[in-house]
Amino acid sequence: MLYCGKINRTNLQIDYLQKIYFEKSWAWWLNHMGTFVVFIIGFFGNMLCLIFLCRRPFIRNSYTQYLIALAIVDTGAIFFETITALDDLYQYQSKDRRALIQHTIVSCKLFYYIRFIFYSMSSWIVVALAVERLVAVKYPLWSKHICSVTNARRIILIMFLFTMAIQSYHLVIKGLDCSSSSKITTKLNCRCKTLLGYATIDIIFTIYIWRLVLMTLLPLIIIITVNILIMSKLFNKNCLIDHTNRVNNARRKVVLRYKVSRMLVIVSTIYLLFHLPGSTLEVVKFLLVHAFRLCDLKWQYYIYIAQDIFDLLTNFNYGINFYLYIISSKHVRCALIHKNSIFRVSTTRSKENWRKSKTFLSSYIYSSRKPHERDINASLAGCETVTSV
């Protein structure tokens with residue numbers, strides 16, 4: 001803000017200057033304290049998600065591959081956010097503004113590189129998941145070949161390699177800045193940040209290409225368009241009439257596919273609501289403060305407060321997906337409760353369930369000769385069987 005240095009400031013503006021650069025607002029404390037809470041909740045939820053989805057029959061579905069990858073990258077993203085929050089708190093409490101993590105040149109570059117890979121993968125896995133659901137719902141005949149487990153893993157691998165290539169500029173522009181205002185400059189006062197000679201490259205790649213295009217505009221356009229097409233298909237009355245004429249087993253598969261698609265539409269919509277406001281405000285803040293040179297410190301103060309709140313919402317998005325699956329999907333809740341749940345009480349109960357399933361299998365063979373009775377039993381079942389959807 002060197003361009004604002006020659007402006008005569010009032011006492012009120014000086015007060016806001018103190019609040020921005022020397023004091024910490026309530027939103028700053030809320031963001032950092034809330035990040036620790038989100039890490040605990042999100043880490044527990046993502047670990048349960050991995051344990052749950054890696055079991056049969058969920059592991060055999062294509063959309064499950066995206067959910068597993070999403071749980072991994074979300075855990076990595078919230079972990080790096082927690083480390084950054086700890087470092088900020090430590091620097092604020094330290095008298096000499098010493099950093100908590102003493103980076104080397106290599107660790108500094110890798111820290112930013114891996115961190116931004118997690119952020120990018122989290123966004124684009126949600127985009128790929130939304131597109132995969134569109135194909136599964138709108139083109140069910142093609143989805144048998146396109147929406148396969150193998151293709152899902154290939155797409156995730158391609159996105160990972162592309163993200164590694166896009167974020168590789170961090171390996172060049174990041175480094176240690178050991179300049180300090182104190183008389184004694186030691187290695188403990190070095191900061192891991194963008195090197196001064198690469199500031200312009202950082203602005204172009206991080207703000208305009210990554211933040212504005214890859215993290216805001218493209219996900220916004222793709223997810224909104226895809227979700228509208230999916231919901232128009234789900235609420236199409238003609239489709240529901242056609243499904244009532246199907247064989248009972250085939251109809252259950254189609255209904256389950258639609259319920260899974262509805263659940264994933266909710267997940268992608270929550271992503272838009274929690275992630276995009278913070279990403280958009282980050283771009284707006286840069287444009288107002290640096291590009292348009294906004295020197296009104298009162299407005300800058302409120303922008304920083306809003307940014308802290310939106311950052312907490314973004315972090316919250318990294319930890320709530322598993323809870324969204326439970327809330328929005330009945331077959332996920334049923335799978336948690338019944339014998340395929342991860343919460344098995346004892347081996348005795350599992351043996352008892354095995355005997356019941358064996359008895360049920362023999363009774364099913366007998367009842368298969370009576371279609372009417374089989375339909376009644378199927379209608380009484382509280383949960384659908386998860387198949388390839």
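Residues numbered from 1 in each chain as written. Predicted model: local features only at pLDDT ≥ 70, side-chain atom pairs only at ≥ 80, totals over all residues. Heavy atoms only, no water.

Digging into the state of the cysteines
Disulfide: a covalent bond formed between the sulfur atoms of two cysteine residues.
Phase 1 of the analysis: According to the stated counting rule, one finds one disulfide in the structure shown.
Phase 2 of the analysis: In this model C108 forms its disulfide with C192; the gap between the sulfur atoms is 1.9 Å. For the disulfide bridge between C108 and C192, the dihedral angle about the S-S bond is near 90°, and by the sign convention the bridge is right-handed. Placement of the pair is C108 in helix α4 (residues 105-138) and C192 in strand β2 (residues 191-194), with a sequence separation of 84 residues.
Phase 3 of the analysis: In this structure C108 comes out as buried when scored by relative accessible area, which is 0%. (Disulfide = S-S within 2.5 Å. Helix = DSSP H or I, 4+ residues; strand = E, 2+ residues; numbered from the N terminus. Buried < 20%, exposed > 50% of the residue type's maximum accessible area, 1.4 Å probe, protein only.)

Some details on the UniProt feature "transmembrane region" (unreviewed entry) in the protein chain
Phase 1 of the analysis: UniProt tags residues 33-54, 66-86, 116-135, 155-173, 208-230, 260-281 and 301-326 as "transmembrane region" (unreviewed entry).
Phase 2 of the analysis: Across residues 260-281, the secondary structure splits into 100% helix and 0% strand, with the terminal C-alpha atoms separated by 32 Å. (UniProt positions renumbered as here; feature names shortened; annotations may be inferred.)

Looking at helix α11 (residues 297-317)
Because an α-helix packs 3.6 residues into every turn, residues spaced three or four apart end up facing the same way.
Phase 1 of the analysis: Under the 1.5 Å per step criterion, the end-to-end length of α11 is 30 Å for 21 residues, consistent within 8% with the ideal 30 Å.
Phase 2 of the analysis: Buried within α11 we find L297, Q300, Y301, I303, I305, Q307, D308, L312, T314, N315 and N317. (Expected span 1.5 Å × (residues − 1).)

Describing the nonpolar core
Phase 1 of the analysis: Counting 57 residues, the largest nonpolar core has I125 and Y325 as the members making the most contacts within it.
Phase 2 of the analysis: Elements with a contribution of two residues or more to this core: α2 (26-53), α3 (62-93), α4, α6 (149-166), α8 (199-234), α10 (248-291) and α12 (321-328).
Phase 3 of the analysis: With 14 residues, the single largest contributor to this core is α4.
Phase 4 of the analysis: Excluding residues that lie within four positions of it along the chain, Y325 makes contacts with C49, L67, L70, M263, V267 and V332.
Phase 5 of the analysis: Listed in part, the eight residues of the second largest apolar core include A130, V137, I230 and L234. (Core = buried A, V, L, I, M, F, W, Y, C linked by side-chain atoms within 4.5 Å. Contact = heavy atoms within 4.5 Å.)

Topic: the pattern of salt bridges
Phase 1 of the analysis: Summed over the entire model, instances satisfying the criterion amount to four salt bridges.
Phase 2 of the analysis: A salt bridge links D177 to K193, with the shortest nitrogen-to-oxygen separation between them at 3.6 Å. With D177 in strand β1 (residues 174-177) and K193 in strand β2, the pair connects residues that are 16 residues apart, well separated along the chain.
Phase 3 of the analysis: Using a relative accessible area of 25% as the deciding quantity, one classes D177 as partly exposed.
Phase 4 of the analysis: Relative accessible area serves as the criterion here: at 36%, K193 is assigned to the partly exposed category.
Phase 5 of the analysis: Linking E282 and K285 is a salt bridge whose minimum nitrogen-to-oxygen distance equals 3.9 Å. Of the two residues, E282 and K285 are both situated in helix α10; the distance of three residues between them amounts to about one turn of the helix. (Salt bridge = Lys/Arg side-chain N within 4 Å of Asp/Glu carboxyl O.)

What to know about the packing of aromatic side chains
Phase 1 of the analysis: For the structure shown, the criterion picks out 19 aromatic pairs.
Phase 2 of the analysis: Judged by centre distance (5.8 Å) and plane angle (45°), the ring pair of F80 and F118 falls under tilted. Taken as a pair, F80 in helix α3 and F118 in helix α4 lie far apart in primary sequence, 38 residues in all. Accessibility assignment for this pair places F80 and F118 in one class, buried.
Phase 3 of the analysis: An aromatic cluster of three or more residues is present, and its members are F79, F80, F111, Y112, F116, F118, Y119, W210 and Y318.
Phase 4 of the analysis: A cation sits over an aromatic face here: K174 above Y112, 4.4 Å from the ring centre. (Phe/Tyr/Trp six-rings, centres within 6.5 Å; stacked < 30°, edge-to-face > 60°. Lys NZ or Arg CZ within 6 Å of the ring centre and 35° of its normal.)

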